[in-house]
Amino acid sequence: QVQLVESGGGLVQAGGSLRLSCAQSGGTFSTYTMGWFRQAPGKEREFVAAINWNGGSTVYVDSVKCRFTISRDNAKNTVYLQMNSLRPEDTAVYYCAAGREVYGLARAPTAYDYWGQGNQVTVSS
């Protein structure tokens, strides 16, 4: 029922910026908590950021605080991840996720019901 499609990834130099977008079709976007996760080669999937239904609450993994900003536009059924001051260690496939009953488990992949197909972000040194 719910489909998530990520876009905006690519290759950037260290210190550069990139903005990821995730558009949702199906369901009611404004009722979902939205999250971003990433997975580097040989690593487990890692939580990056999440935002609640009205954008009033956000949470980030420590390594991206003050560099990344998650936001949403419910009128466009889209969640964004603005990534600044990118580092080579940010290189990964980034996934968008949606969940209806996330509550205090925003950092856990198992709390989300739907996932996008992923979008590659590569940061060169």
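Since the model is a prediction, treat every value here as computed from it, not as a measurement.

Overview of the pattern of salt bridges
Then step 1. In this structure the tally under the stated criterion is four salt bridges.
Then step 2. We note a salt bridge from Arg67 to Asp90, for which the minimum N-O separation is 2.8 Å. Here Arg67, found in the loop between β6 (58-60) and β7 (68-73), pairs with Asp90, found in the loop between β8 (78-83) and β9 (92-99); they are 23 residues apart in sequence, far enough to count as distant.
Then step 3. When salt bridges that share partners are traced, they join Arg38, Glu46, Arg67 and Asp90 into one network.

Here's the deal with the sheet that holds strand β1 (residues 3-7)
Then step 1. A sheet is described by the order of its strands in space; here four strands give the open sequence β1-β3-β8-β7, paired in antiparallel fashion. Edge positions in the sheet fall to β1 and β7, since each of these pairs with one other strand and no more. Within this sheet the neighbouring strands show an average axis-to-axis angle of 15°, counted without direction.
Then step 2. Inspection of the sheet shows strand β3 (residues 18-25) paired to β8 by six bridges, in the antiparallel sense. Paired with Arg19 across the two strands is Gln82, which belongs to β8.

Observations regarding the state of the cysteines
Then step 1. One pass over the full model with this rule turns up one disulfide.
Then step 2. With a sulfur-sulfur separation of 2.1 Å, Cys22 is cross-linked through a disulfide to Cys96. Measuring handedness by torsion sign, the sulfur bridge of Cys22 and Cys96 sits at about -80° and is left-handed. One end of the pair, Cys22, is in strand β3; the other, Cys96, is in strand β9, and 74 residues separate them in sequence. With respect to burial, Cys22 and Cys96 carry one shared label: buried.

Some details on the packing of aromatic side chains
Then step 1. Inspection of every chain in the model, using the stated rule, returns five aromatic pairs.
Then step 2. Seen in terms of ring centroids, Phe37 and Tyr112 are 5.3 Å apart; in terms of plane orientation they differ by 80°. Their pairing is edge-to-face. Taken together, the residues span a long stretch of sequence, with Phe37 in strand β4 (residues 33-39) and Tyr112 in the loop between β9 and β10 (114-115) at a distance of 75 residues.
Then step 3. Phe37 sits in the buried class, given a relative accessible area of 0%.
Then step 4. Of the aromatic side chains, those joined through ring pairs into one cluster are Phe37, Phe47, Tyr112 and Trp115.
Then step 5. Over the aromatic face of Tyr95 sits the side chain of Arg45, whose NZ or CZ is 3.9 Å from the ring centroid.
Then step 6. One Lys or Arg, Arg100, reaches over the ring of Tyr32 and ends 4.7 Å from the middle of that ring.

Looking at unusual backbone geometry
Then step 1. Phi is positive for Asn77, which is not a glycine, with a value near 50°.
Then step 2. Position of Asn77 relative to the elements: it lies in the loop between β7 and β8.
Then step 3. The exposure class assigned to Asn77 is partly exposed, which follows from its relative accessible area of 30%.
Then step 4. Within the chain, Ser85 stands out as a residue other than glycine whose phi angle is a positive 50°.
Then step 5. As for its position among the elements, Ser85 is in the loop between β8 and β9.
Then step 6. Note on Ser85: relative accessible area 42%, which makes it partly exposed.

The rules behind these values
- Residues numbered from 1 in each chain as written.
- Predicted model: local features only at pLDDT ≥ 70, side-chain atom pairs only at ≥ 80, totals over all residues.
- Heavy atoms only, no water.
- Salt bridge = Lys/Arg side-chain N within 4 Å of Asp/Glu carboxyl O.
- Helix = DSSP H or I, 4+ residues; strand = E, 2+ residues; numbered from the N terminus.
- Pairing = 2+ DSSP bridges.
- Axes fitted to C-alpha atoms, helices over the stretch in contact; angles between N-to-C directions.
- Disulfide = S-S within 2.5 Å.
- Buried < 20%, exposed > 50% of the residue type's maximum accessible area, 1.4 Å probe, protein only.
- Phe/Tyr/Trp six-rings, centres within 6.5 Å; stacked < 30°, edge-to-face > 60°.
- Lys NZ or Arg CZ within 6 Å of the ring centre and 35° of its normal.

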